[in-house]
Amino acid sequence: MTQPHVRQGLVLGMSTLAFTVCFMVWMMFAVLGVPIKELLQLNETQFGLLAATPVLTGSLVRLPLGLLTDRFGGRSVFFLLMLTCVAPLYLISHATAYWQFLVLGLFVGLAGGSFSVGIAYVAKWFDKENQGFAMGIFGAGNAGAAVTKFLAPALIAAGSWQLVPKVFSAILFITALLFWFLSAENKDHRSATGASLREQLRSLKDPAVWRYCQYYSIVFGGYVALALWMTKYYVQEYGFSLQSAALLAACFSLPGGVLRAVGGWMSDRWGAQSVTWWVLWVSWICLFLLSYPQTQLQVQTINGPVDFHIGLNPALFTVLLFVMGIAFAFGKASVFKYIANDYPKNMGAVSGIVGLAGGLGGFVLPILFGALVDLTGVRSSCFMLMYGVVWVSLTWMYFSEIRKSPVLGKAPLLTPSPISSIALGEEHVRSAKA
């Protein structure tokens, strides 16, 4: 193996490990929030805010961190980001009031910004043909949500909930040191133009960026929201213990992270558009079935009333969650394949914008989940809300992309995009020379 391949492997491997640990920390309240909810006697909306608070800061810093990565390089930014989160993470073990958990959660949430740092850092080490797969491997760090569901309940059972932030802070500190000493930096990957903030944010005027934000608010924002919500859902809806509920919730979190690399490979082979389209359809169908609440139905027959129960049992519910987790994994990779294809020179800024939108989805949705439960008393209302969001995305994608694609025969004559116009111009030049 040549030296460049060794450096590529170390960058990808250490970045994936670091992102996994950061995501594990970011999703900590998915499990830790359950005993805290009981301790502080929180309602559903307050629990949603507690679980989502780290997601807020992790989302808001994604754009500035993406810009910093373009300018100063991913290695330094990633390392300093991890070190910044160690102290507030440890201090959570000493929190006693609700506001203290919220404030410390805001600081710990900075770990969630690691995605926009790592995705731009990793992508620049690989050529276009392998970027989707490499970014998919890095994105598999989303499996940190599943690691939390395996590790945190075991720590709570072995000691108390205070043990979780203490152990997690030690793991994060060790990971930061390993990342610094085993990763590499290439100054050529930094923005050579020294573009201003205004120039880097110019991509916000591109409608495609907003469309990618919408897609990512589902496949990532929805993933984060459900990863935070499902442990408590299993406890309250089906009566499982915290440990059993966390393991079952991992059936959604684990494939949603690990299989992202497969989604990257699929996007390299079949294109980001095709993968994203089918991801949205599969998610829409799963959410339709998950939305149906537990229902007692009485039918009057000629022999008297007959009672029926309609609802998902835990096994079928878990299977649907598993399928949707796989779909979200593929979708997270395909959205960033869009970005790698369309914005290779400005990927840090655009990935930060899209990541910001996805993270904000992960912040807003748990709060809305809690508010809907408090208002309606129906726990499956969280899936009803997401069903509507996916429907909006399917409609948007159809009218902006799919309708313009040929199904049979020739494609309709369309006004070429600036990128395609350049390509057509180059083709005419080659033809003239021939």
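This structure is a prediction, so every number in the text was calculated from the model and none was measured. (Residues numbered from 1 in each chain as written. Predicted model: local features only at pLDDT ≥ 70, side-chain atom pairs only at ≥ 80, totals over all residues. Heavy atoms only, no water.)

Packing of helix H2 (residues 29-40) against helix H6 (residues 98-108) leaves a shortest axis separation of 11 Å and a crossing angle of 165°. Judged by the angle between their axes, H2 and H6 are roughly antiparallel. In the packing of H2 onto H6, the handedness of the crossing is left-handed. Counted together, Phe-29, Ile-36 and Leu-40 of H2 and Tyr-98, Phe-101 and Gly-105 of H6 form the full contact between these two elements. (Axes fitted to C-alpha atoms, helices over the stretch in contact; angles between N-to-C directions. Helix = DSSP H or I, 4+ residues; strand = E, 2+ residues; numbered from the N terminus. Parallel < 35°, antiparallel > 145°, perpendicular 65-115°, else oblique. Left-handed = near helix turned anticlockwise from the far one by under 90°. Contact = heavy atoms within 4.5 Å.)

Nonpolar side chains collect at one region of the surface, where Leu-10, Leu-17, Leu-80, Leu-83, Phe-173, Ile-174, Leu-177, Leu-178, Phe-181 and Leu-182 lie side by side and expose about 890 Å² of accessible area between them. Ranked by the residues each element gives to the nonpolar patch, the list is headed by helix H10 (residues 163-182), at six residues. Structurally, the position occupied by Leu-178 is in helix H10. What makes Leu-178 partly exposed here is its relative accessible area of 39%. (Patch = residues over 30% accessible without salt bridge, like charges linked within 9 Å, V, L, I, M, F, W, Y side chains within 5 Å. Areas by Shrake-Rupley, 256 points an atom, 1.4 Å probe, with all protein chains shown as cover. Salt bridge = Lys/Arg side-chain N within 4 Å of Asp/Glu carboxyl O. Buried < 20%, exposed > 50% of the residue type's maximum accessible area, 1.4 Å probe, protein only.)

Once that is clear, we can look at the pattern of salt bridges. Here the structure, examined in full by the defined rule, presents four salt bridges. A salt bridge links Lys-37 to Glu-44; the shortest N-O distance between them is 3.8 Å. For Lys-37, a relative accessible area of 15% puts it in the buried group. Owing to a relative accessible area of 11%, Glu-44 belongs among the buried residues under this scheme. Between Glu-44 and Lys-232 there is a salt bridge; the shortest N-O distance is 2.5 Å. Placement of Glu-44 in helix H3 (residues 44-60) and of Lys-232 in helix H13 (residues 221-238) is noted, with a sequence separation of 188 residues between them. Each of Lys-37, Glu-44 and Lys-232 takes part in a single network of salt bridges with overlapping partners.

Across the protein chain, the average pLDDT comes to 83, with 88% of residues at or above 70. This stretch, residues 407-434, has a pLDDT under 50; its non-local contacts, to residues over four places away or in other chains, come to five contacts. (pLDDT = per-residue confidence, 0-100.)

The subject of this paragraph is the pairing of strand S2 (residues 304-310). Sheet analysis places strand S1 (residues 295-301) next to S2, joined by seven bridges and oriented antiparallel. Looking at the pairing, Gln-296 lines up with His-309 of S2. A loop of two residues connects S1 with S2, the two strands running antiparallel in sequence. (Pairing = 2+ DSSP bridges.)

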